[in-house]
Amino acid sequence: MPIKLAAVILAGGKSARYKGNKLLSPHPSGQTLIEYVLAQYAPLCDFPPVVVTGCYHDEISARLTHKHCAVVYNPHWSQGMGKSIARGIYALQRGVVHGKPSHVIIGTGDAPAITTQSLAELVLQANKTPKQRIASEVSGRRMSPAIFPATDFGALAELSQDKGATALLHSGSRCIGVAHAQAQWDIDTPDDWLIMHR
């Protein structure tokens, strides 16, 4: 039976190095960065993506008003990525989307190079091995986007550190890495957009 996949997209940071709200900066696709990212996840999920906001909640939520997603505010966004993951999982557990996901894919809103096709490789592996965690892997390093089964929801909902779910992705045989070159790029400064024009 295919997995029932939800998505949690982290969009709560201050973007200090960008000196502004990078998630509303223009992507080469013609969309804003956050809109582009959501459009890549949506076709693979059985539920509307959950976007966890923080510092720029008002601006991002206003931009996504007419999008097929659920926006959840994390009042503890300044405490790091772990808190945002926990807030997104808590929202799933509390029924922010209708239905009960068997898995969740967690990613960041500042990943300009991911595509539906590249993410689909992670979903394919999750369907083959539904009890395992599935991580993006670049040069031997495991990272997000990553897929977790519902048995991990409790642990994810208790995260508090800035490193997010890194420890879970390095827990030996419980995690499978899938080559995902597109996951290695994120937008930290305006100069990072140059990678999209090479």
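Within each chain, residues carry numbers counting from 1 in the order of the written sequence. Given that the model is predicted, a residue must reach a pLDDT of at least 70 before its local features are reported, and side-chain atom pairs must reach 80 or more before they are shown or counted; all residues, however, enter totals for whole chains, interfaces and linings. As a rule here, side-chain values come from all non-hydrogen atoms in the structure, and water together with hydrogens is ignored.

Asks: I'm lost on unusual backbone geometry in this one. Help?
Replies: What you tend to see is this: most non-glycine residues have negative phi, and most peptide bonds are trans. Geometrically, the link from Ser144 to Pro145 is a cis peptide bond, its omega value of 0° lying close to zero. Here a helix means four or more residues in a row that DSSP labels H or I, a strand means two or more in a row labelled E, and each is numbered from the N terminus. Looking at where Pro145 falls in the secondary structure, it is placed in strand β6 (residues 141-149). Phi angles above zero are rare outside glycine, and Lys19 is one such case at about 60°. By relative accessible area, Lys19 is classed as exposed at 74%. For Ser139, which is not glycine, the phi dihedral falls at a positive 50°. Mapping Ser139 onto the fold places it in the loop between β5 (133-138) and β6. Given a relative accessible area of 80%, Ser139 falls into the exposed group. Residue burial is assigned from relative accessible area. The probe radius is 1.4 Å, only protein chains are included, and a residue is buried under 20% of its type maximum, exposed over 50%, and partly exposed in between.

Asks: Just checking my understanding: could you explain helix α1 (residues 33-41) for this structure?
Replies: Helical geometry: 3.6 residues make up each α-helical turn, so side chains three or four residues apart lie on a common side. Most of α1 is tucked away, with 8 of its 9 residues classed as buried. Residues count as neighbours in contact if any of their non-hydrogen atoms are within 4.5 Å of one another. Turning to α1, the residues buried within the fold contact β1 (5-11), β2 (50-53), α2 (57-63), β4 (103-108), α4 (116-128) and β6.

Asks: What's the story with the environment of Asn21 in this structure? I'm lost.
Replies: Along the chain, Asn21 turns up in the loop between β1 and α1. Residues Asn21 and Tyr56, spaced 35 residues apart in sequence, show a C-alpha to C-alpha distance of 7.0 Å. Polar contacts, as used here, are pairs of N or O atoms within 3.5 Å; protein pairs need one atom able to donate a hydrogen and one able to accept it. Residues neighboring in sequence count only if both atoms are side-chain atoms. Here the side chain of Asn21 touches Leu23 through a polar contact of 3.2 Å, landing on its backbone nitrogen.

Asks: Got a minute to help me understand the nonpolar core in this structure?
Replies: As a rule of thumb, soluble globular proteins bury nonpolar side chains together. What we call a nonpolar core is a set of buried Ala, Val, Leu, Ile, Met, Phe, Trp, Tyr and Cys residues that are connected through their side-chain atoms within 4.5 Å. By size, the foremost hydrophobic cluster in this structure holds 31 residues, and its most contacted members are Tyr41, Ile105 and Ile147. Those elements that provide at least two residues to this core are β1, α1 and α4. Per element, the largest residue contribution to this core is 6 residues, and it comes from α1. Excluding anything up to four places from it in sequence, Ile105 contacts Leu5, Ala6, Ala7, Val8, Tyr41, Cys45, Leu119, Leu122, Pro145, Ala146 and Ile147. Membership of the second largest hydrophobic core comes to 25 residues, among which are Val52, Ala91, Ile106 and Ala165.

Asks: Hey, could you run me through the sheet that holds β1 in this one?
Replies: Within a sheet, neighbouring strands are paired by backbone hydrogen bonds and run either parallel or antiparallel to one another. Here we have 7 strands laid out as an open sheet, ordered β3-β2-β1-β4-β6-β5-β7, and mixed in their pairing. The strands lining the two open edges of the sheet, one partner per strand, are β3 (70-73) and β7 (175-179). The mean angle between the axes of side-by-side strands here comes to 25°, regardless of whether they run parallel or antiparallel. By definition, two strands form a pair when at least two bridges between them are found by DSSP. Looking at chain direction, β4 and β6 are connected through 4 bridges and run antiparallel. Within β6, the residue paired with Val104 across the bridge is Phe148. Axes here mean lines fitted to C-alpha atoms, for a helix over just the part in contact, with angles spanning 0 to 180 degrees between N-to-C directions. Contacts between helix α3 (residues 81-93) and the sheet are confined to β1, β2, β3 and β4, with β1 contributing the most and set at about 145° to the helix.

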